[in-house]
Amino acid sequence: MIDKNSPIPIYYQLEEQIKERIEKGELLPGDSLPAEREYAEKYQISRMTVRQAFTQLVNEGYLHRLQGKGTFVAERKIEQPLQGLTSFTEDMKARGLTPGSQLIHFEIIPATTQIAGQLSIPEYGPVYEIKRIRLADGVPMALETNYISANLVKGLTEQIVNQSLYAYIEGKLNLRIDSASQVIESSIASPIEVKYLSITKGAPVMLIQRNTYLKDGTPVEFVKSAYRADRYKFMIQMKR
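Being a predicted model, the structure only gives us computed values, none of them experimental. (Residues numbered from 1 in each chain as written. Predicted model: local features only at pLDDT ≥ 70, side-chain atom pairs only at ≥ 80, totals over all residues. Heavy atoms only, no water.)

## Side note on the pairing of strand β1 (residues 63-66)
Sheet analysis places β1 next to strand β2 (residues 70-73), joined by 4 bridges and oriented antiparallel. Of the residues in β2, the one forming a bridge with L63 is V73. Count of turn residues in the β1/β2 antiparallel hairpin: 3 residues, of which G68 carries a positive phi of about 80°. (Pairing = 2+ DSSP bridges. Helix = DSSP H or I, 4+ residues; strand = E, 2+ residues; numbered from the N terminus.)

What follows is the structure, encoded as C-alpha coordinates:
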(Lines give C-alpha, C1' and ligand atoms only; values in the text may rest on other atoms or scores of the structure.)
Protein backbone atom coordinates (compact mmCIF):
# COMPACT_ATOMS: atom_id res chain seq x y z
CA MET A 1 0.00 0.00 0.00
CA ILE A 2 0.95 3.64 -0.46
CA ASP A 3 0.88 5.83 2.65
CA LYS A 4 0.12 9.33 1.42
CA ASN A 5 0.59 10.76 4.92
CA SER A 6 4.13 9.43 5.20
CA PRO A 7 7.08 11.85 4.92
CA ILE A 8 8.60 9.31 2.49
CA PRO A 9 7.95 10.44 -1.11
CA ILE A 10 5.20 8.49 -2.83
CA TYR A 11 7.36 7.66 -5.86
CA TYR A 12 9.97 6.16 -3.53
CA GLN A 13 7.37 4.02 -1.74
CA LEU A 14 6.20 2.64 -5.08
CA GLU A 15 9.77 2.10 -6.23
CA GLU A 16 10.58 0.11 -3.08
CA GLN A 17 7.43 -2.01 -3.42
CA ILE A 18 8.29 -3.00 -6.98
CA LYS A 19 11.93 -3.59 -6.06
CA GLU A 20 10.90 -5.85 -3.16
CA ARG A 21 8.67 -7.95 -5.45
CA ILE A 22 11.57 -8.39 -7.86
CA GLU A 23 14.02 -9.35 -5.13
CA LYS A 24 11.53 -11.86 -3.67
CA GLY A 25 11.05 -13.45 -7.07
CA GLU A 26 7.40 -12.43 -7.38
CA LEU A 27 8.36 -10.55 -10.53
CA LEU A 28 10.80 -12.41 -12.77
CA PRO A 29 13.13 -11.21 -15.55
CA GLY A 30 11.07 -10.61 -18.68
CA ASP A 31 7.79 -10.08 -16.81
CA SER A 32 5.74 -7.15 -18.07
CA LEU A 33 4.65 -4.50 -15.58
CA PRO A 34 1.19 -2.91 -15.70
CA ALA A 35 1.00 0.40 -17.53
CA GLU A 36 1.68 3.64 -15.66
CA ARG A 37 -2.02 4.47 -15.94
CA GLU A 38 -2.99 1.26 -14.12
CA TYR A 39 -0.61 1.98 -11.23
CA ALA A 40 -1.90 5.56 -11.05
CA GLU A 41 -5.53 4.39 -10.89
CA LYS A 42 -4.79 1.60 -8.38
CA TYR A 43 -3.03 3.87 -5.89
CA GLN A 44 -4.86 7.11 -6.78
CA ILE A 45 -1.61 8.89 -7.60
CA SER A 46 -0.41 10.83 -10.62
CA ARG A 47 1.09 9.13 -13.67
CA MET A 48 4.08 11.47 -13.29
CA THR A 49 4.74 9.95 -9.85
CA VAL A 50 4.56 6.44 -11.32
CA ARG A 51 6.85 7.47 -14.16
CA GLN A 52 9.37 8.83 -11.65
CA ALA A 53 9.44 5.49 -9.81
CA PHE A 54 9.80 3.56 -13.08
CA THR A 55 12.60 5.82 -14.28
CA GLN A 56 14.55 5.33 -11.06
CA LEU A 57 14.15 1.55 -11.32
CA VAL A 58 15.33 1.65 -14.93
CA ASN A 59 18.38 3.67 -13.89
CA GLU A 60 19.15 1.14 -11.15
CA GLY A 61 18.88 -1.77 -13.60
CA TYR A 62 15.72 -3.36 -12.16
CA LEU A 63 13.51 -2.50 -15.14
CA HIS A 64 13.95 -1.78 -18.82
CA ARG A 65 11.65 -0.16 -21.35
CA LEU A 66 10.91 -1.33 -24.87
CA GLN A 67 9.51 1.43 -27.05
CA GLY A 68 5.93 0.69 -28.03
CA LYS A 69 5.80 -2.48 -25.91
CA GLY A 70 6.00 -1.42 -22.29
CA THR A 71 8.15 -1.80 -19.18
CA PHE A 72 9.69 -5.14 -18.21
CA VAL A 73 11.72 -6.64 -15.38
CA ALA A 74 15.36 -6.59 -16.43
CA GLU A 75 17.73 -9.53 -16.37
CA ARG A 76 19.89 -9.49 -13.27
CA LYS A 77 23.25 -7.80 -13.73
CA ILE A 78 26.43 -9.83 -13.71
CA GLU A 79 28.67 -8.76 -10.84
CA GLN A 80 32.36 -8.53 -11.66
CA PRO A 81 34.73 -8.12 -8.70
CA LEU A 82 37.63 -5.81 -9.46
CA GLN A 83 40.04 -7.91 -7.40
CA GLY A 84 42.07 -10.46 -9.32
CA LEU A 85 42.94 -10.81 -12.99
CA THR A 86 40.67 -13.17 -14.90
CA SER A 87 39.48 -13.54 -18.45
CA PHE A 88 35.89 -13.03 -19.59
CA THR A 89 35.60 -16.78 -20.18
CA GLU A 90 36.75 -17.53 -16.63
CA ASP A 91 34.37 -14.90 -15.19
CA MET A 92 31.32 -16.35 -16.93
CA LYS A 93 32.13 -19.96 -16.04
CA ALA A 94 32.58 -18.94 -12.39
CA ARG A 95 29.00 -17.61 -12.43
CA GLY A 96 27.52 -20.71 -14.03
CA LEU A 97 27.03 -18.99 -17.38
CA THR A 98 28.12 -20.30 -20.76
CA PRO A 99 30.72 -17.95 -22.26
CA GLY A 100 30.86 -17.35 -25.98
CA SER A 101 32.33 -15.08 -28.62
CA GLN A 102 31.26 -13.88 -32.01
CA LEU A 103 34.26 -12.86 -34.06
CA ILE A 104 33.69 -9.73 -36.12
CA HIS A 105 37.19 -8.88 -37.27
CA PHE A 106 40.59 -10.61 -37.18
CA GLU A 107 43.74 -9.50 -39.00
CA ILE A 108 47.36 -8.47 -38.54
CA ILE A 109 47.85 -4.73 -38.95
CA PRO A 110 50.79 -2.32 -38.52
CA ALA A 111 50.72 -0.79 -35.04
CA THR A 112 49.65 2.83 -34.83
CA THR A 113 51.63 5.21 -32.62
CA GLN A 114 49.11 4.75 -29.78
CA ILE A 115 49.00 0.95 -29.95
CA ALA A 116 52.77 0.66 -30.32
CA GLY A 117 53.16 2.78 -27.19
CA GLN A 118 50.68 0.65 -25.24
CA LEU A 119 52.44 -2.60 -26.24
CA SER A 120 56.01 -1.22 -26.06
CA ILE A 121 56.79 -2.28 -29.62
CA PRO A 122 58.14 -0.35 -32.62
CA GLU A 123 55.67 1.77 -34.53
CA TYR A 124 54.18 -0.15 -37.49
CA GLY A 125 55.20 -3.46 -35.89
CA PRO A 126 52.74 -6.33 -36.58
CA VAL A 127 49.81 -6.62 -34.16
CA TYR A 128 46.70 -8.74 -34.13
CA GLU A 129 43.54 -6.64 -34.18
CA ILE A 130 40.69 -8.76 -32.86
CA LYS A 131 37.12 -7.49 -32.49
CA ARG A 132 34.62 -9.77 -30.77
CA ILE A 133 31.17 -9.71 -29.22
CA ARG A 134 31.44 -11.39 -25.82
CA LEU A 135 28.39 -13.48 -24.92
CA ALA A 136 26.95 -15.00 -21.74
CA ASP A 137 24.32 -17.69 -22.35
CA GLY A 138 24.06 -16.33 -25.87
CA VAL A 139 23.33 -12.75 -24.78
CA PRO A 140 25.70 -9.95 -25.93
CA MET A 141 27.53 -8.50 -22.93
CA ALA A 142 30.45 -6.57 -24.38
CA LEU A 143 32.08 -5.42 -27.60
CA GLU A 144 35.79 -6.00 -27.24
CA THR A 145 38.79 -5.02 -29.37
CA ASN A 146 42.14 -6.64 -28.54
CA TYR A 147 45.59 -5.61 -29.78
CA ILE A 148 48.36 -8.18 -29.29
CA SER A 149 51.93 -8.16 -30.61
CA ALA A 150 52.24 -10.80 -33.34
CA ASN A 151 55.94 -11.17 -32.55
CA LEU A 152 55.21 -12.04 -28.93
CA VAL A 153 52.07 -14.16 -29.24
CA LYS A 154 52.62 -16.34 -32.28
CA GLY A 155 50.20 -18.57 -34.11
CA LEU A 156 46.87 -16.96 -33.25
CA THR A 157 44.01 -18.06 -35.48
CA GLU A 158 40.32 -17.23 -35.69
CA GLN A 159 39.54 -20.58 -34.07
CA ILE A 160 41.77 -19.84 -31.09
CA VAL A 161 40.39 -16.35 -30.45
CA ASN A 162 36.87 -17.74 -30.46
CA GLN A 163 37.83 -19.69 -27.33
CA SER A 164 39.98 -18.14 -24.57
CA LEU A 165 43.03 -16.03 -25.40
CA TYR A 166 44.42 -16.39 -21.89
CA ALA A 167 44.20 -20.18 -22.05
CA TYR A 168 46.18 -20.15 -25.29
CA ILE A 169 48.78 -17.64 -24.11
CA GLU A 170 49.41 -19.43 -20.82
CA GLY A 171 48.66 -23.04 -21.74
CA LYS A 172 50.16 -23.27 -25.22
CA LEU A 173 52.83 -20.57 -25.25
CA ASN A 174 53.82 -20.87 -21.58
CA LEU A 175 53.72 -17.10 -21.09
CA ARG A 176 52.80 -16.11 -17.52
CA ILE A 177 50.14 -13.38 -17.32
CA ASP A 178 50.78 -11.51 -14.09
CA SER A 179 49.02 -8.16 -13.80
CA ALA A 180 46.90 -5.53 -15.49
CA SER A 181 45.89 -1.90 -15.19
CA GLN A 182 42.35 -0.88 -16.02
CA VAL A 183 40.45 2.36 -16.56
CA ILE A 184 36.63 2.41 -16.43
CA GLU A 185 34.39 5.27 -17.52
CA SER A 186 30.74 5.69 -18.44
CA SER A 187 29.51 6.72 -21.86
CA ILE A 188 26.59 6.59 -24.26
CA ALA A 189 26.65 3.73 -26.77
CA SER A 190 28.09 4.53 -30.18
CA PRO A 191 26.21 3.38 -33.33
CA ILE A 192 28.47 0.31 -33.68
CA GLU A 193 27.91 -0.61 -30.01
CA VAL A 194 24.14 -0.23 -30.44
CA LYS A 195 24.32 -2.56 -33.43
CA TYR A 196 26.43 -5.34 -31.95
CA LEU A 197 25.20 -5.26 -28.34
CA SER A 198 21.49 -5.25 -29.23
CA ILE A 199 20.81 -2.12 -27.19
CA THR A 200 18.83 1.01 -27.93
CA LYS A 201 20.19 4.32 -29.16
CA GLY A 202 21.34 6.41 -26.19
CA ALA A 203 21.79 3.40 -23.90
CA PRO A 204 24.58 3.66 -21.29
CA VAL A 205 27.74 1.58 -21.59
CA MET A 206 30.87 1.16 -19.50
CA LEU A 207 34.06 1.75 -21.45
CA ILE A 208 37.04 -0.22 -20.19
CA GLN A 209 40.64 0.11 -21.30
CA ARG A 210 43.00 -2.57 -20.02
CA ASN A 211 46.73 -3.13 -20.32
CA THR A 212 47.85 -6.66 -19.43
CA TYR A 213 51.43 -7.61 -18.54
CA LEU A 214 53.54 -10.75 -18.27
CA LYS A 215 55.51 -11.72 -15.18
CA ASP A 216 58.59 -9.83 -16.45
CA GLY A 217 56.55 -6.66 -17.11
CA THR A 218 56.24 -7.11 -20.88
CA PRO A 219 52.91 -5.77 -22.20
CA VAL A 220 51.02 -8.68 -23.74
CA GLU A 221 47.65 -7.13 -24.52
CA PHE A 222 45.88 -3.81 -24.97
CA VAL A 223 42.09 -4.06 -24.87
CA LYS A 224 39.27 -1.60 -25.41
CA SER A 225 35.80 -2.84 -24.40
CA ALA A 226 32.27 -1.50 -24.16
CA TYR A 227 30.09 -3.35 -21.63
CA ARG A 228 26.31 -3.12 -21.43
CA ALA A 229 25.52 -1.08 -18.34
CA ASP A 230 22.11 -2.75 -18.05
CA ARG A 231 23.63 -6.23 -17.70
CA TYR A 232 27.00 -5.72 -16.03
CA LYS A 233 28.26 -4.04 -12.89
CA PHE A 234 31.64 -3.90 -11.18
CA MET A 235 32.14 -4.46 -7.48
CA ILE A 236 35.08 -3.70 -5.22
CA GLN A 237 35.70 -4.36 -1.54
CA MET A 238 37.77 -1.90 0.43
CA LYS A 239 39.27 -1.84 3.89
CA ARG A 240 40.26 1.19 5.88
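## Topic: the sheet that holds strand β6 (residues 139-149)
In space, the 6 strands of this open sheet follow the order β4-β5-β6-β9-β8-β7, with antiparallel pairing throughout. Two strands bound the open sheet, and with one partner strand each, they are β4 (99-110) and β7 (177-188). In this sheet, neighbouring strand axes are inclined to one another by 15° on average, regardless of whether the strands run parallel or antiparallel. Pairing between strand β8 (residues 204-214) and strand β9 (residues 219-228): 9 bridges, direction antiparallel. Within β9, the position partnered with V205 by the bridge is R228. (Axes fitted to C-alpha atoms, helices over the stretch in contact; angles between N-to-C directions.)

## A look at unusual backbone geometry
Among all residues except glycine, the phi angle is most often negative; among peptide bonds, the trans geometry is most common. Of note in the backbone geometry, D137 takes a positive phi value of approximately 50° without being a glycine. Mapping D137 onto the fold places it in the loop between β5 (126-136) and β6. Its identity as a non-glycine residue notwithstanding, N174 has a phi of 60°, on the positive side. For N174, the location among the structural elements is in the loop between α7 (165-172) and β7. Classification of N174 by relative accessible area gives exposed; the value is 64%. (Buried < 20%, exposed > 50% of the residue type's maximum accessible area, 1.4 Å probe, protein only.)

## Structural notes on helix α3 (residues 47-59)
Between the first and last C-alpha of α3 there are 18 Å, a value that for 13 residues agrees with the 18 Å anticipated at 1.5 Å per step. Taken together, the buried positions of α3 are occupied by T49, V50, A53, F54 and L57. When α3 is viewed along its axis, its buried side chains cluster within an angular range of 135° and face the same direction. Along α3, exposed side chains directed more than 90 degrees from the buried face belong to M48 and N59. Along its buried surface, α3 packs onto α1 (10-24), α2 (36-43), β1 and β2. In the segment just after α3, G61 is the residue with positive phi, at about 90°. (Expected span 1.5 Å × (residues − 1). Arc of directions from axis to C-beta. Contact = heavy atoms within 4.5 Å.)

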